[in-house]
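# Descriptive structure summary
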Amino acid sequence: MSLELLHILVKNESCVHLKSDSEKLYREGAIQVGKNLKADMDSVLLKTPLTFIGFLLITFIIIYFLWPAALVRFGRWAFPKIIGLQVRYAEHNGYRFCYYSRGKPGLQPSILMLHGYAFDKDTWLINMNFLPKNIHVVCLDMPGHGETTCLPGENYTTFDQVKRIHQFVQCTGLNRKPFHLVGISMGGMVAGVYAAHYPSEVCCLSLMCPTGLNYPKDTDIMKRVKKNIKNHDVSLVPSNIQEGVKMFRVGIYYSHIAPKQLLKGFAVDWLPDNNFYRKCFLDIFNDESLYSLQDNMSKIRVPTQVIWGKDDRMVDVSGAGVLAKGIPHAQVHLLEKCGHFQPMDSPKKTSQLLLEFHTSYMKNKKTE
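Definitions and cut-offs
- Residues numbered from 1 in each chain as written.
- Predicted model: local features only at pLDDT ≥ 70, side-chain atom pairs only at ≥ 80, totals over all residues.
- Heavy atoms only, no water.
- Pairing = 2+ DSSP bridges.
- Helix = DSSP H or I, 4+ residues; strand = E, 2+ residues; numbered from the N terminus.
- Axes fitted to C-alpha atoms, helices over the stretch in contact; angles between N-to-C directions.
- Phe/Tyr/Trp six-rings, centres within 6.5 Å; stacked < 30°, edge-to-face > 60°.
- Buried < 20%, exposed > 50% of the residue type's maximum accessible area, 1.4 Å probe, protein only.
- Right-handed = clockwise from strand over helix to strand, strands pointing away.
- Expected span 1.5 Å × (residues − 1).
- 1 Å grid on protein atoms, 1.4 Å probe; cavity = no way out; pocket = protein on both sides within 12 Å on 5 of 7 lines; lining within 4 Å.
- Points joined across faces, edges and corners; volume = space filled by probe spheres on them.
- Nonpolar A, V, L, I, M, F, W, Y, C, P; charged D, E, K, R; others polar.

### Details of the sheet that holds strand β8 (residues 331-335)
Taking strand neighbours across the sheet as the criterion, the eight strands line up as β1-β2-β4-β3-β5-β6-β7-β8 in an open arrangement whose pairing is mixed. This sheet does not close on itself; its edge strands, each paired only once, are β1 (86-92) and β8. Here the average twist between neighbouring strands, direction ignored, is 20 degrees. Where strand β2 (residues 95-102) meets strand β4 (residues 137-140), four bridges bridge the pair, whose relative direction is antiparallel.

### Examining the packing of aromatic side chains
Enumeration according to the criterion identifies 16 aromatic pairs in this entry. With 5.9 Å between their ring centres and 40 degrees between their planes, Phe74 and Trp77 make a pair best called tilted. Of this pair, Phe74 and Trp77 are both found in helix α2 (residues 68-82), three residues apart, which corresponds to roughly one turn of the helix. Of the two residues, Phe74 and Trp77, both sit in the exposed class. A centroid spacing of 5.1 Å and a plane angle of 75 degrees characterise the contact between Tyr99 and Phe168, whose relative ring orientation is edge-to-face. In this pair, Tyr99 is assigned in strand β2 and Phe168 in helix α4 (residues 158-172), connecting sequence segments 69 residues apart. Members of the aromatic cluster, joined through ring pairs, are Tyr117, Tyr156, Trp270, Phe276, Tyr277, Phe281 and Phe285.

### Description of the pairing of strand β6 (residues 202-208)
Most of β6 is tucked away: seven of the seven residues are buried. Sheet analysis places strand β5 (residues 179-184) next to β6, joined by six bridges and oriented parallel. Counted as the bridge partner of Phe179 is Val202 from β6. Between β5 and its parallel partner β6, the chain crosses via helix α5 (residues 186-197), and the hand of that crossover is right-handed. Where β6 meets strand β7 (residues 304-309), four bridges bridge the pair, whose relative direction is parallel. Among the inter-strand pairings, Leu207 is bridged to a residue of β7, identified as Val306.

### Considerations on α2
Helix length check: α2 (15 residues) gives 21 Å between terminal C-alpha atoms against 21 Å at 1.5 Å per residue, within 8%. Along α2, the residues classified as buried are Pro68, Ala69, Val72, Ala78 and Pro80. Downstream of α2 by one or two residues, Gly84 has phi in the positive range, about 85 degrees.

### Notes on empty space enclosed by the protein
With the rule as written, the count across this model stands at one cavity of 30 Å³ or more. Here the largest cavity defines a volume of roughly 40 Å³. Residue lining of the largest cavity: Ile111, Met113, Leu131, His180, Val182, Leu354 and Leu355, and that is the complete set. Those elements that place two or more of their residues in the lining of the largest cavity are β3 (111-114), β5 and α13 (347-367). The class makeup of the residues in the lining of the largest cavity is six nonpolar, one polar and no charged.

### Examining the layout of surface pockets
Here the second largest pocket is characterised by a volume of approximately 230 Å³. Taken together, 15 residues line the second largest pocket, and the ones lying closest to its centre are Pro105, His136, Thr172, Gly173 and Leu174. Counting residues per element, the ones that place at least two in the lining of the second largest pocket are β2 and α4. Split into classes, the residues belonging to the lining of the second largest pocket amount to seven nonpolar, five polar and three charged.

### A word on the pairing of β5
For β5, a buried count of six out of six residues is recorded, marking the element as mostly surrounded by other parts of the structure. Of the two faces of β5, the one carrying Phe179, Leu181 and Gly183 and the one carrying His180, Val182 and Ile184 are both buried. Examined bridge by bridge, β3 and β5 share four bridges and lie parallel to one another. Within β5, the position partnered with Leu114 by the bridge is Gly183.

Spelled out as structure tokens, the structure:
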């Protein structure tokens, strides 16, 4: 082999080794860069959720303390959607009713739920979370309340409200078959009188701490109501946020742990309708309405359930005994550590009692 050829072979072999070393170094470098990049990405991905959560937490705190009403409105918008409620409207001669609806009418009776004075259909949101979705449930904004029409000069006595509820039942076809009627506080008074006047439309009745009774023992609030109503004094109707928060706390058993900011949020939305609430207050406690449930309870013929919180500071629990005596075979349930706002104090228990009563009616009907 010539020296020139040998020189060429040695040179080529050296080049091959150099190229191999270069590729090895390149691969090792690429691997290291990849590892570094992955570590950086992991760090970013780890920090991003934490940063986002921190941002949300700070935003929540700011809104909670500065704009609690916005937080309440968001909850009232989002929660119904989460639990499958639909907002619906029905009209009767230009008068518009607003209500939540879930499920479809079927073999089981529909449930119509009536809220109390100065509240709206959102009263039942937590209860709805505990009720089966296969039962057709309607939560109505009472006349003048919520998104239901509020007409100037409209009367809101028990009997005027009963007429409006009947219009709603007719225009929605809810009375095609008897339904389970549920009412709390003012809504309980209206529900009881409705059942007395339209017995063929109601299959069973649930009354939760209703007004409209002559209680053997009056709470401090009712004593003031009876004293003030004679002079058309509406000073018990909150006129500012502080009074609104105080009134909410009276109705809740666990008032000491109720978030003050959220109560403020509710009060902010409550105050703009104050003139209506004053008018409604005078109507539901006038001579015509004050004892309207007691005057009509003897006409109630359907199976009836009474639910009352033992620690109700709005209307005394002694009213449960009045209903037990006045309505044949009425079931009475007294709840421990529960105030007037039962859907807030005992939502799971009240829902359980309503459902058991609803189910027992169905069982009894099958055996007939």
